[in-house]
Amino acid sequence: MVMEYLSRLFIKASKEKGFKPHPHCRKTKLMHLMYADDLIVLSTIDPRTVKIIMEAFGKFSNSTGLAANKAKSQVVLGGAVRKRCRIYAESQGSKREQCPLDNLGYISQLTS
């Protein structure tokens, strides 16, 4: 039930001005997937879009008292140029690691 609230916050966030969906998810309007206690958020690496998503997640956390476990969280950036990945990592206080799927195109895995 609580995750339905998060889902609605994400749907509302995706309608905000400046939000850019992941290019491969534009037609289906897919923004996130949830299973049990796992969450996958799909978006572009656009700073405004990331800010909108983080604000929605922050609102969820403040309302419910639930937060992501940073030790178990990761961000995987696929198809992004290295410079943008580095800028994103620095803005989130993360370190950049190479992902094992690197041969499929540049994918960067960030961990706290």
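How each quantity is defined
- Residues numbered from 1 in each chain as written.
- Predicted model: local features only at pLDDT ≥ 70, side-chain atom pairs only at ≥ 80, totals over all residues.
- Heavy atoms only, no water.
- Helix = DSSP H or I, 4+ residues; strand = E, 2+ residues; numbered from the N terminus.
- Expected span 1.5 Å × (residues − 1).
- Buried < 20%, exposed > 50% of the residue type's maximum accessible area, 1.4 Å probe, protein only.
- Arc of directions from axis to C-beta.
- Contact = heavy atoms within 4.5 Å.
- Core = buried A, V, L, I, M, F, W, Y, C linked by side-chain atoms within 4.5 Å.
- Salt bridge = Lys/Arg side-chain N within 4 Å of Asp/Glu carboxyl O.
- pLDDT = per-residue confidence, 0-100.
- Pairing = 2+ DSSP bridges.
- Phe/Tyr/Trp six-rings, centres within 6.5 Å; stacked < 30°, edge-to-face > 60°.

## With respect to helix H1 (residues 2–13)
Part 1 of the reasoning: Here H1 contains 12 residues, and its C-alpha end-to-end distance of 17 Å stays within 8% of the 16 Å for a straight helix at 1.5 Å per residue.
Part 2 of the reasoning: Every buried residue of H1 is listed here: Leu6, Ser7, Leu9, Phe10 and Ala13. When H1 is viewed along its axis, its buried side chains cluster within an angular range of 160° and face the same direction. Turned more than 90 degrees off the buried face of H1, the exposed positions are Arg8 and Lys12.
Part 3 of the reasoning: Buried positions along H1 lie against strand E1 (32–35), strand E2 (38–41) and helix H2 (47–64).

## Let's talk about the nonpolar core
Part 1 of the reasoning: Listed in full, the 11 residues of the largest apolar core are Leu6, Leu9, Phe10, Ala13, Phe19, Met31, Ile52, Ile53, Ala56, Phe57 and Phe60.
Part 2 of the reasoning: For this core, the elements supplying multiple residues, two or more each, are H1 and H2.
Part 3 of the reasoning: Top contributing element to this core by residue count: H2, with 5 residues.

## Here we look at the pattern of salt bridges
Part 1 of the reasoning: Enumeration according to the criterion identifies 4 salt bridges in this entry.
Part 2 of the reasoning: A salt bridge links Glu16 to Arg48, with the nearest nitrogen and oxygen atoms 3.8 Å apart. Placement of Glu16 in the loop between H1 and E1 and of Arg48 in helix H2 is noted, with a sequence separation of 32 residues between them.
Part 3 of the reasoning: According to the relative accessible area criterion, Glu16 is partly exposed, its value standing at 34%.

## What about the confidence of the model for the protein?
Part 1 of the reasoning: Overall, the prediction assigns the protein a mean pLDDT of 76, with 67% of residues at 70 or greater.
Part 2 of the reasoning: Every residue in residues 98–112 is under pLDDT 50, and counting partners more than four places away or in other chains gives 45 contacts.

## Brief notes about the pairing of E2
Part 1 of the reasoning: Judged from the 4 bridges that link them, E1 and E2 form a sheet pairing that is antiparallel. Bridging across to E2, Met34 finds its partner in Leu39.
Part 2 of the reasoning: With antiparallel pairing between neighbouring strands as the criterion, E1 and E2 make up a hairpin whose turn holds 2 residues, including Ala36 at a positive phi of roughly 55°.

## A word on the packing of aromatic side chains
Part 1 of the reasoning: The full count for this structure, using the stated rule, is 2 aromatic pairs.
Part 2 of the reasoning: Seen from their ring centres, Tyr5 and Phe60 are 6.1 Å apart, and the 35° between their planes marks the pair as tilted. One end of the pair, Tyr5, is in helix H1; the other, Phe60, is in helix H2, with 55 residues separating them in the sequence.
Part 3 of the reasoning: Judged by its relative accessible area of 3%, Phe60 falls in the buried class.
Part 4 of the reasoning: Summarising the aromatic geometry, the rings of Phe57 and Phe60 are spaced 5.9 Å apart at their centres and angled 40° between planes, so their arrangement reads as tilted. Highlighted residues: Phe57 and Phe60, both in helix H2, separated by 3 residues, approximately one helical turn.
Part 5 of the reasoning: Ring-pair connections join several aromatic residues into one group, and the members of that group are Tyr5, Phe57 and Phe60.

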